[in-house]
Amino acid sequence: LSWPIDVYRAWAATAWVATALPMSVAPYLRSPLPSCSILLDRHTHKNAGSTMRSIYRDNDLQDDWVLWGYNPASMAEASLSLLHLLLEARRGGNCTLRTPLRLVMEHHYSRTADWDAVVARYGPHTPLQRVAGGCGCRVVLFTRVREPLDYYVSFYRWTVWWRQRENATTHGRGLFEWAPRNLQ
């Protein structure tokens, strides 16, 4: 299956989708779920990535949101697939999708992933944004940041302290010897 068109079609063709869709809005929601929305979550280390992923997975199982996660290498291919899917829906004249398209895409920070390339494919002045907007579909890019001291301490406890214990010459002897000027 090529993602996301074939996966979306396979999911939309399943019999349980029609019966699993809620008939009324849950009391804690202020408005009904969107019929089309693409959320792209870019997060850095130690900024609630695992917590958010578990929330996304729960929504994937219960709430008609599809999680596409943790693969920065195929963001370009995914944007083209989404663009083609929306163009195909628009060809019918009213951008009607057979089932709702609610996609959460996780983009984890890495040294090799180029965020500028992602913005060039999903950002405000892209063909995907124009076509999606014309179909009433929102494409939203967002990120989270932590309070700086909490972030440094969490990062230190996660990946630095044990390296210092193994080699204090390279990694320093404590938080203040290790701390880079701008970790975020």
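Residues numbered from 1 in each chain as written. Predicted model: local features only at pLDDT ≥ 70, side-chain atom pairs only at ≥ 80, totals over all residues. Heavy atoms only, no water.

1. Quick look at the overall build of the protein
Within the protein one finds 9 helices and 4 strands. For the protein, the N- to C-terminal ordering of α and β elements is α-α-β-α-β-α-β-α-α-β-α-α-α. Per-residue burial over the protein gives 39% buried out of 184 residues. Put simply, of all contacts in the protein between residues at least 6 apart along the chain, 73% involve residues at least 24 apart. (Helix = DSSP H or I, 4+ residues; strand = E, 2+ residues; numbered from the N terminus. Buried < 20%, exposed > 50% of the residue type's maximum accessible area, 1.4 Å probe, protein only. Contact = heavy atoms within 4.5 Å.)

2. Looking at helix α5 (residues 115–122)
Where α5 is concerned, the buried positions are W115, V118 and Y122. Looking straight down α5, one finds that the buried residues subtend no more than 55 degrees of arc, so they occupy a single side. Residues D116 and A120 are exposed on α5 and point more than 90 degrees away from its buried face. Where α5 is buried, its residues contact β1 (36–43), α4 (75–91), β3 (101–108), α6 (127–134) and β4 (138–143). (Arc of directions from axis to C-beta.)

3. Topic: the packing of aromatic side chains
For the structure shown, the criterion picks out 3 aromatic pairs. Between Y151 and Y152, the ring centres sit 6.5 Å apart and the planes meet at 90 degrees, which makes this aromatic pair edge-to-face. We classify Y152 as buried; its relative accessible area is 15%. With centroids separated by 5.4 Å and ring planes inclined at 75 degrees, the aromatic side chains of F155 and W158 adopt a geometry described as edge-to-face. Here F155 pairs with W158, and both are found in helix α7 (residues 148–166), just 3 residues apart, close to one helical turn. (Phe/Tyr/Trp six-rings, centres within 6.5 Å; stacked < 30°, edge-to-face > 60°.)

4. Focus on the environment of A132
Residue placement: A132 occurs in helix α6. Taking the C-alpha atoms as reference points, A132 and S37, 95 residues apart in sequence, are found 8.7 Å from one another. Sequence-distant contacts of A132, that is, excluding residues within four places in its chain, are made with L86, C137 and V139.

5. Concerning the state of the cysteines
Using the criterion set out here, one finds 1 disulfide in the structure. Between the sulfur atoms of C36 and its disulfide mate C137 the distance is 2.1 Å. Residues C36 and C137 are joined through a disulfide that is left-handed, its torsion about the S-S bond being -70 degrees. Of the two residues, C36 is situated in strand β1 and C137 in the loop between α6 and β4; the sequence distance between them amounts to 101 residues. (Disulfide = S-S within 2.5 Å.)

6. What about the pairing of β3?
The two faces of a sheet get side chains in turn, since along a regular strand they alternate between them. The buried fraction of β3 amounts to 8 of the 8 residues, a majority that puts the element mostly inside the structure. Burial along β3 is two-sided: the residues L101, L103, M105 and H107 and R102, V104, E106 and H108 are all buried. Pairing between β1 and β3: 8 bridges, direction parallel. Looking at β3, one finds that R42 is bridged to H107. Note that strand β2 (residues 66–68) and β3 share 3 bridges and pair parallel. Looking at the pairing, V66 lines up with L103 of β3. (Pairing = 2+ DSSP bridges.)

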